[in-house]
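A look at the structure
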There are 2 protein chains.
Amino acid sequence: MDTLNRAVSAIGDIKEEFYAIAQKRLDNLTKPPGSLGRLEEFARRLVAITENKTPVLDKKVVFTFAGDHGVTEEGVSAYPKEVTPQMVLNFIRGGAGINVLARHAGAEVVVVDIGVDHDFGQIEGLTHLKVVRGTQNFTKGPAMTREEAVKCIETGITLANQYAKQGFKIFGTGDMGIGNTTPSSAIASVVTGLSVATVTGKGTGISDDSLRNKIKTIEKGIKVNSPDAKDGLDLLSKIGGAEIGGIAGLVLGAAANRIPVVIDGLISTAGALIAYVIEPKVKNYLFAAHNSVEIGHKAMLEKMGLQPILDFNLRLGEGTGAALAMLMIEAGLKIYTEMATFGEAGVSDEIIN
Amino acid sequence: MDTLNRAVSAIGDIKEEFYAIAQKRLDNLTKPPGSLGRLEEFARRLVAITENKTPVLDKKVVFTFAGDHGVTEEGVSAYPKEVTPQMVLNFIRGGAGINVLARHAGAEVVVVDIGVDHDFGQIEGLTHLKVVRGTQNFTKGPAMTREEAVKCIETGITLANQYAKQGFKIFGTGDMGIGNTTPSSAIASVVTGLSVATVTGKGTGISDDSLRNKIKTIEKGIKVNSPDAKDGLDLLSKIGGAEIGGIAGLVLGAAANRIPVVIDGLISTAGALIAYVIEPKVKNYLFAAHNSVEIGHKAMLEKMGLQPILDFNLRLGEGTGAALAMLMIEAGLKIYTEMATFGEAGVSDEIIN
């Protein structure tokens, strides 16, 4: 628990004065005040998060955490769980959506085996930090022990600390795990207080019948485990997943290091929500990449007061939305650092009315 | 009229078979079908527009057309019209928002003086294609003659033809012109049939009183000129502007060359709408960059059946939203061309239910 406790106690508040510093420069750039909308918001937030008047985003990384889920026994996913390790190998070879979009965004991809039910041996290109070989079926008891949940979170925190030391300036989160929209919707329901049906979608693309089964499965999991909505570790261990815990840890570690973190879709947001339940201040360090097709996503973002950046009907995960959103956040920073001021450009900043 | 007539007659239909070709590959990539949402739509559309199974977007360019407006006499803008040439010089020096965002997107910026009320001499870095030295005040008669309107459009078409020949693969449109939300809202009102008040916003940031004056000014301009909603040249000459005409021409020329064109905010969309009135097929070649703060924008996009890509509360113009959206369109293409297929990656594509 030491790593977790240290991270939580290191998470500071955002100082309003940094928003004001950023705003002053933004209002002096050759454009009508506020006319670059959310790009200006991104710049203000980067200045305030980093407490740096001239932040840089030269080193970017997306962490894709992979894990399996015992609850797939209940037929909640359209794909067999063997697809999780197959996709991990695809990530390592560079052929997946996240590889393509991270390259486009100039970000590295770190693929973390935190809970895949497969023995990868000592394969290169994979970050081997397996905590469990898949979780247990949460309709029959807790998905993980509390100790395993702590270990997942601390794995994420340790990665955040390592990559902060290596000079990475912005993190993205991503996930791979057949069945992982099921624990994510379970977390969404318990933390937001909304019904399971309200926050459960079709994941990779199941039928209406399967969706009804998925909702019943989640309802059963919540009933069997009675997770405590105010205890992040209880939620994660009982109805969560290893990759969700890794993401929660990465978010806590990013906030502790004053590093902005871009959360992807449903599963990443469930991880961020676990971090938020542990320490609500993390929300100030989060950028919500996009508005997922998955219906539970929006409810979790609203709970944390986050407004998504993109709305592309994405539902792939992996960190794909996070990589795309990084490009937009970086655009906001470039506006802030590269645009000429009225004085430099000899443009009149006198407003008539 | 020859250049215009040739362009219009060269604009072809989109062949459905190219959507099917693109869809087949998209469905074979290592992801659940449709899970990359609008990125997949962008890829399909690029294949269909270019009639090329493997399109590339290696050369990108944003055209920023600048012009002045006689109607600024009526006090419709927050800034004096001297800001138009000052901003043109800022573009040439690389310090404006469009320069920063086009660099970020890997696109060139072509700054076109099509109607600025200023003598730039033979200054380098500016494309000198002045048709008028500012338009006339449209509350007192037509903004331009019909001949000038044709010349503006043909200027845009000629640029499109030149840059198509140079191998540019995607165009963006942008504008600079103090007062130009006024003719744009006038065009929006006449073509959509909505009241002026419904499609008129605060531009660069005027007061409520000034907004009321702006609405009255536009209503007067429409009343004085009685533009024909079904005649693009009549609309452009009576209540338009030189940069709006240049953009209309660029859109027509892009479509004639099967080049996708990303339209920016209110002013660019007014230009695209003029092109659409002339030849409705242009809509198939358009990508709507973003959903502007300006309220008339959405009505015009709906008229053409276009769904904006970004929603960042932008209201700067210049082509800034177009540059940002290009990065997202390119992301869609990279997904299509760079992702591994199920077969290549050894990933199971068997779906259980």
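Residues numbered from 1 in each chain as written. Chains lettered and ligands numbered in written order. Predicted model: local features only at pLDDT ≥ 70, side-chain atom pairs only at ≥ 80, totals over all residues. Heavy atoms only, no water.

Take the layout of surface pockets next. Gaps left between atoms are located by rolling a probe of water-molecule size over the structure's atoms. Approximately 330 Å³ is the volume attributed to the largest pocket. In terms of lining residues, the largest pocket is bounded by 16 residues, among which Ile 309, Leu 310 and Asp 311 of chain A together with Leu 310 and Asp 311 of chain B are the most central. Residue classes in the lining of the largest pocket are distributed as 6 nonpolar, 5 polar and 5 charged. (1 Å grid on protein atoms, 1.4 Å probe; cavity = no way out; pocket = protein on both sides within 12 Å on 5 of 7 lines; lining within 4 Å. Points joined across faces, edges and corners; volume = space filled by probe spheres on them. Nonpolar A, V, L, I, M, F, W, Y, C, P; charged D, E, K, R; others polar.)

Attention now moves to the domain arrangement of chain A. Residue and element names in this part refer to chain A. What the domain assignment lists for chain A is domain 1 (2–55 + 336–352) and domain 2 (60–327). Put simply, the middle of domain 1 and the middle of domain 2, counted by C-alpha atoms, are 30 Å apart. At the junction of the two partners, domain 1 supplies 18 residues and domain 2 supplies 23 residues. When the buried surface of domain 1 facing domain 2 is broken down by residue, Leu 4, Ile 11 and Ile 49 rank first, second and third, together holding 34% of it. Here domain 1 is connected to domain 2 by 2 salt bridges. Between Arg 258 and Glu 51 there is a salt bridge, with its nearest N and O atoms 3.2 Å apart. Scanning the region where domain 1 abuts domain 2 turns up 10 residue pairs in polar contact (both at pLDDT 80 or more). Every element with two or more residues in the side of domain 1 that touches domain 2 is listed here: α1 (2–10) and α3 (37–50). Sort the elements by how many residues they give to the side of domain 1 that touches domain 2 and α3 lands first, with 7 residues. Split by residue class, the side of domain 1 that touches domain 2 holds 10 nonpolar, 3 polar and 5 charged. (Domains from an automatic or database assignment. Contact = heavy atoms within 4.5 Å. Buried area = accessible area lost by both parts, 1.4 Å probe. Salt bridge = Lys/Arg side-chain N within 4 Å of Asp/Glu carboxyl O. Polar contact = N/O pair within 3.5 Å; in protein donor to acceptor, adjacent residues only side chain to side chain. Helix = DSSP H or I, 4+ residues; strand = E, 2+ residues; numbered from the N terminus.)

All names here are of chain B. Looking at the secondary structure, you find Gly 201 in the loop between α7 (181–192) and α8 (208–225). On the basis of relative accessibility, which here comes to 8%, the residue Gly 201 falls in the buried class. Separated by 174 residues in the primary sequence, Gly 201 and Asp 27 place their C-alpha atoms 42 Å from one another. When residues no more than four places from it in sequence are discounted, the contact partners of Gly 201 are Ser 185, Leu 211, Lys 214, Glu 294 and Ile 295. (Buried < 20%, exposed > 50% of the residue type's maximum accessible area, 1.4 Å probe, protein only.)

As a further point, take helix α2 (residues 16–27) of chain B. Residue and element names in this part refer to chain B. Taking 1.5 Å as the rise per residue, α2 with 12 residues should run 16 Å; its terminal C-alpha atoms sit 17 Å apart, in good agreement. Among all positions of α2, only Phe 18, Ala 22 and Leu 26 are buried. Down the axis of α2, the buried side of the element spans an arc of 75°, and every buried residue falls inside it. Exposed residues on α2 whose side chains face more than 90 degrees from its buried face are Glu 16, Glu 17 and Lys 24. Taken together, the buried residues of α2 touch α3 (37–50) and α13 (320–338). (Expected span 1.5 Å × (residues − 1). Arc of directions from axis to C-beta.)

The partner chain B presents 60 residues to the 60 residues of chain A that form the contact. Buried area between chain A and chain B, both sides added, is near 4,900 Å², and the carbon and sulfur share of it is 62%. Summed over the shared surface of chain A and chain B, the number is 2 salt bridges. Among the salt bridges present, the one from Arg 103 of chain A reaches Glu 338 of chain B, with a minimum N-O distance of 3.1 Å. The interface formed by chain A and chain B holds 21 residue pairs in polar contact (both at pLDDT 80 or more) in total. Mapped onto the side of chain A that touches chain B, the elements with two or more residues apiece are α3, α4 (83–93), α5 (97–105) and α13 (320–338) of chain A.

A word on the nonpolar core. General note: in soluble globular proteins, nonpolar side chains tend to be found buried as a group. Within the largest apolar cluster, 272 residues are counted, with the highest numbers of intra-cluster contacts made by Phe 171 and Met 328 of chain A together with Phe 171 and Met 328 of chain B. Not counting the four nearest positions on each side in its chain, Phe 171 of chain A is found in contact with Val 61, Phe 63, Ala 160, Tyr 163, Ala 164, Leu 250, Ala 254, Ile 259, Pro 260, Val 261, Val 262 and Met 326 of chain A. (Core = buried A, V, L, I, M, F, W, Y, C linked by side-chain atoms within 4.5 Å.)

Let us now look at the pattern of salt bridges. Residues and elements named next belong to chain A. Considering all chains together, one arrives at 32 salt bridges over all chains under this definition. Ionic pairing is found between Asp 234 and Lys 238, a salt bridge with its closest N-O pair at 3.1 Å. In this pair, Asp 234 and Lys 238 both sit in helix α9 (residues 232–239), 4 residues apart, roughly one turn of the helix. The exposure classification of Asp 234 matches that of Lys 238, with both residues buried.

So, about the sheet that holds strand β4 (residues 170–176) of chain A. All names here are of chain A. An order of β3-β2-β1-β4-β5-β6 is seen for the 6 strands of this open sheet, with the pairing classed as parallel. Unpaired on one side and paired on the other, β3 (127–128) and β6 (286–288) mark the two borders of the sheet. Bridge count between β4 and strand β5 (residues 261–263): 2 bridges; the pairing is parallel. Paired with Phe 171 across the bridge in β5 is Val 261. The sheet strands contacting helix α6 (residues 146–165) are β1 (60–67), β2 (107–115), β3 and β4, and the helix crosses β1 at an angle near 160°. Across the sheet, helix α10 (residues 242–256) is in contact with β1, β2, β4, β5 and β6; its angle to β4 comes to roughly 175°. (Pairing = 2+ DSSP bridges. Axes fitted to C-alpha atoms, helices over the stretch in contact; angles between N-to-C directions.)

Once that is clear, we can look at the relation of the copies chain A and chain B. Mapping chain A onto chain B leaves a residual RMSD of 0.0 Å; the transformation is a rotation of 180° accompanied by 0.0 Å of translation along its axis. Within this description, the copies of the chain are treated as partners about a two-fold rotation axis. Of every C-alpha in chain A, the one belonging to Leu 310 of chain A sits nearest the axis of rotation, 3.3 Å from it. (Least-squares fit on C-alpha atoms with pLDDT ≥ 70 in both.)

Before going further, it helps to spend a moment on helix α12 (residues 295–304) of chain B. Residues and elements named next belong to chain B. Within the sequence span of α12, burial applies to Gly 296, His 297, Ala 299, Met 300, Leu 301 and Met 304. Among the structural elements, α7, β5 (261–263), α11 (266–278) and β6 (286–288) are those in contact with the buried residues of α12. Just beyond α12, the residue with positive phi is Gly 305, at close to 70°.

Turning our eyes to something else, we now look at the environment of Asn 5 of chain A. Looking at the element boundaries, Asn 5 of chain A is found in helix α1. It is 25 Å that separates the C-alpha atoms of Asn 5 of chain A and Val 111 of chain A, two residues lying 106 residues apart in sequence.

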